[in-house]
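# Structure assessment
Chain by chain, the residues run as shown.
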Amino acid sequence: MPQRLPLEMLSDLARTQTDESAKRLGMLQNAQLSASQKLEMLMKYRQDYVQQLQALMSEGLATAKLRNYQAFLATLDGAIEQQRAIVAQALTRLDHGRDDWRNNKRRLNSFDTLAERMRRQELMAQAKREQRDSDERATRKFFDRAANPTF
């Protein structure tokens, strides 16, 4: 029994760490999804703005208004690049989170496998003790009958 206690504690700790890493992984997945959605929204907004500019240019557009559109597009391009960097960081964090979860899960599985092996060994030892006790009782009974025949 003293050997099981540390293993159970290690298994519980590994289970807790695995659960926590799974929660972190979920949050990282949400953050990555949110960042990707923001990037898509910015890109769609830029595309809509470019289409609007092209439509205005086909009708004729004042130079000042064209410069304003170009300045806004440049600002939008900067925001898109920043968002791409955020998405890349989110993907990197997500990859690290997946690795962390996998490592914790592997560790938990190792402890569970070890615990199961110990349980099987304990059951086999118990079965051997029971068989030995049964054999000893049968042997005693045999010798008791041989020593005291009741015919």
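Values in this document were obtained by computation on a predicted structure and should not be read as measured data. (Residues numbered from 1 in each chain as written. Predicted model: local features only at pLDDT ≥ 70, side-chain atom pairs only at ≥ 80, totals over all residues. Heavy atoms only, no water.)

## Digging into the overall build of the chain
Across its full length, the chain carries two helices and zero strands. Computed over C-alpha atoms, the radius of gyration of the chain comes to 36 Å, more than 25% over the 15 Å expected from 2.2 N^0.38 for 151 residues, which places it beyond the range of a compact globule. Each of the three principal axes of the chain carries a C-alpha extent, and together these read 130 × 30 × 15 Å. Counting every position in the chain, which comprises 151 residues, the buried fraction comes to 18%. Pairs at least 24 residues apart make up 85% of the contacts formed inside the chain by residues separated by at least 6 positions. Between the mean site of the 26 positive side-chain charges and the mean site of the 20 negative ones, the chain shows a separation of 1 Å. (Helix = DSSP H or I, 4+ residues; strand = E, 2+ residues; numbered from the N terminus. Rg over C-alpha atoms; globule rule 2.2 N^0.38 Å. Buried < 20%, exposed > 50% of the residue type's maximum accessible area, 1.4 Å probe, protein only. Contact = heavy atoms within 4.5 Å. Lys, Arg positive; Asp, Glu negative; His and termini not counted. Charge placed at Lys NZ, Arg CZ, Asp CG, Glu CD.)

## Quick notes on the environment of L13
Relative to the elements of secondary structure, L13 occurs in helix α1 (residues 4–59). Between the alpha carbons of L13 and I86 there is a distance of 33 Å; along the sequence they are 73 residues apart.

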